[in-house]
Amino acid sequence: MRHVRVLVAFGLTAAALAAGPIAARQQRQGEPFSTAITKLKDGLYVIPGYDGAVTGGNVAVRVTSEGVIIVDDRFPPSSAEIAGKVKSVTPQPIKYVLSTHNHGDHTGGHPEFIKTAEIIAHRNARENMVRGKQAAPPRIVFSDQASVFLGGVEVEARHLGRGHTNGDSVIYFRDLRAVHTGDLVVWGRRTDGSLLTPFMDYGNGGSLSEWIGTLDKVLQLDFDSAIPGHGPVLSKDEVRSFRQKLVTLRQRGADLITSGVGRNDFMAKLRTDDLNWPFPKERIEPLYDELASKR
Ligand SMILES: [Zn+2]
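Draft legend 1. How the structure looks around the overall build of the chain. From N to C terminus, the chain includes 9 helices and 12 strands. Buried residues in the chain amount to 53% of all 295 residues. Restricting the contact set of the chain to residue pairs at least 6 apart, pairs at least 24 apart contribute 58%. When the accessible surface of the chain is totalled, it reaches about 13200 Å², and 54% of it is carbon and sulfur.

Draft legend 2. Focus on the nonpolar core. Membership of the largest hydrophobic core comes to 37 residues, with the highest contact counts inside it found for L215, F223, F242, L246, L249, F266 and L287. For this core, the secondary-structure elements that each account for two or more residues are β10 (170–173), β11 (178–186), α6 (208–220), α7 (236–258) and α9 (281–293). Per element, the largest residue contribution to this core is 7 residues, and it comes from α7. Excluding residues that lie within four positions of it along the chain, L215 makes contacts with L184, V185, F242, R243 and L246.

Draft legend 3. Summary view of the coordination of the zinc ion. Every protein donor of the zinc ion is accounted for by H101 (NE2), H103 (ND1), H164 (NE2) and D183 (OD), and the metal-donor separations fall at 2.1 to 2.2 Å. Coordination at the zinc ion is irregular, judged from the 4 donor atoms that bind it and the angles of 85 to 167° they form at the metal. If you list the donors of the zinc ion from N- to C-terminus, the spacing comes out as H-x1-H-x60-H-x18-D. Of this pair, H103 sits in the loop between β5 (94–98) and α3 (104–107) while H164 sits in the loop between β9 (153–158) and β10, and the two are 61 residues apart along the sequence. You'll find H103 and H164 in the same group, each marked buried.

Draft legend 4. Looking closely at the sheet that holds strand β4 (residues 67–71). Read from one edge to the other, the open sheet built from 7 strands follows the order β1-β2-β3-β4-β5-β6-β7, with strand pairing classed as mixed. Because the sheet does not close on itself, it has two edges, and the strands there are β1 (38–41) and β7 (140–142). Between one strand axis and the next, the sheet turns through 25° on average, direction left out of account. Looking at chain direction, strand β3 (residues 59–64) and β4 are connected through 5 bridges and run antiparallel.

Draft legend 5. Quick look at the side chain of D201. As for its position among the elements, D201 is in the loop between β11 and α6. No salt bridge is formed by the buried D201; its nearest oppositely charged neighbour, R131, is found at 7.2 Å.

Draft legend 6. The arrangement of the packing of α6 against α7 in detail. Contact geometry of α6 with α7 gives a least axis separation of 10 Å together with a crossing angle of 160°. In terms of axis orientation, α6 runs roughly antiparallel to α7. Every pair of crossing elements has a handedness; the one defined by α6 and α7 is left-handed. On α7, the residues that touch L208, S209, W211, I212, L215, D216 and L219 of α6 are K236, V239, R240, F242, R243, L246, V247, L249 and R250. Residue composition of the contact of α6 with α7, grouped by class: 10 nonpolar, 1 polar and 5 charged.

Draft legend 7. Looking closely at the sheet that holds strand β12 (residues 225–230). Spatially, 5 strands are ordered β8-β9-β10-β11-β12 in an open sheet, and the strand pairing comes out mixed. Taken across any chain shown, the strands that pair with only one partner, and hence form the sheet edges, are β8 (145–150) and β12. Across the sheet, the axes of successive neighbouring strands diverge by a mean angle of 25°, strand direction being ignored. Here β10 runs beside β11; their pairing, made up of 3 bridges, is antiparallel. In the sheet register, I171 faces β11, and the bridge partner there is H180. Along the sheet, α6 contacts β10 and β11; its crossing angle with β11, the most-contacted strand, is approximately 170°.

Draft legend 8. Fine view of the packing of α7 against α9. Between α7 and α9, whose axes approach to 10 Å, the crossing angle comes to 70°. Comparing the axis directions of α7 and α9 gives the class roughly perpendicular. Across the interface between the two elements, L249, R250, G253, A254 and I257 from α7 touch L287, Y288, L291 and A292 from α9.

Draft legend 9. The arrangement of the pairing of β9 in detail. With 5 of 6 residues buried, β9 is to be regarded as a mostly interior element. Where β8 and β9 come together, 6 bridges link them in antiparallel fashion. When the sheet's bridge partners are listed, Q145 is paired in β9 with R158. Hairpin geometry of β8 and β9 is characterised by an intervening segment of 2 residues between the two adjacent antiparallel strands and by a positive phi of about 55° at G151. In the sheet, β9 pairs with β10 via 3 bridges, with the strands oriented antiparallel. Bridge pairing links E156 to Y172 in β10.

About the thresholds
Residues numbered from 1 in each chain as written. Predicted model: local features only at pLDDT ≥ 70, side-chain atom pairs only at ≥ 80, totals over all residues. Heavy atoms only, no water. Helix = DSSP H or I, 4+ residues; strand = E, 2+ residues; numbered from the N terminus. Buried < 20%, exposed > 50% of the residue type's maximum accessible area, 1.4 Å probe, protein only. Contact = heavy atoms within 4.5 Å. Areas by Shrake-Rupley, 256 points an atom, 1.4 Å probe, with all protein chains shown as cover. Core = buried A, V, L, I, M, F, W, Y, C linked by side-chain atoms within 4.5 Å. Donors = N, O, S within 2.8 Å, 3.2 Å for Na, K, Ca; no water. Tetrahedral: all angles 85-135°; square planar, octahedral: opposite > 155°, others 65-115°. Pairing = 2+ DSSP bridges. Axes fitted to C-alpha atoms, helices over the stretch in contact; angles between N-to-C directions. Lys, Arg positive; Asp, Glu negative; His and termini not counted. Salt bridge = Lys/Arg side-chain N within 4 Å of Asp/Glu carboxyl O. Parallel < 35°, antiparallel > 145°, perpendicular 65-115°, else oblique. Left-handed = near helix turned anticlockwise from the far one by under 90°. Nonpolar A, V, L, I, M, F, W, Y, C, P; charged D, E, K, R; others polar.

Structure follows, in structure tokens:
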């Protein structure tokens, strides 16, 4: 019995070592897939989201004395759930929804919330919603940045460049040194246990090459807590490591193309296992196209 246990323990250790430090950081140990509203800082809560299929994305909840600002609103049936969870921490009404990008797992609550709140997004995010025939695109848009001033608090929405889409916004809670990055950063596992990978949504203007520069601008902001589009709240160093993985991915892809690897062999030759990003085929071929066109 004891012998068996020793072997099991050794097996786990060996596997952890083989996976390397990046893999070890992917999911914090014991991270539960709870969607209970969680206090991050005084006045700032998170309704956790892990995937694009079951929970939708992370919702940030900024409570002020004159109302609530939320960031993103998950799937179509989520608006009542979000409203209920907000009500459990404050009697203040939801007055603004800052929307990080157009995807349905971040904008599904719009049709309900737009009845009583103002939804604000980047101009391109609205255009993507309209083109995609998504319900309730925002009535207010901006090009570079916008702020909501409520109850003595300023919450900033910043468009810092292309990345996941061409309409990504980072929501900056400057007074609390926190950001919501939308899907410019994703981290860890979906509720079905599969690993999240960054998604260059080329159909909505995404770009791996520009994503890295966009994250550089995010990292210039003063914050110690980052709410990613999906996954646990991260440190600034973890956002840095996510950016570094994107750099590695781009460099490997560019090196393969320079060495003459064609579109058909690209996926088999592009190493991503040590990044812990198991990309599906349909996401790798457009990446080849982007990197090949940059040569
Ligand atoms: Zn997305």
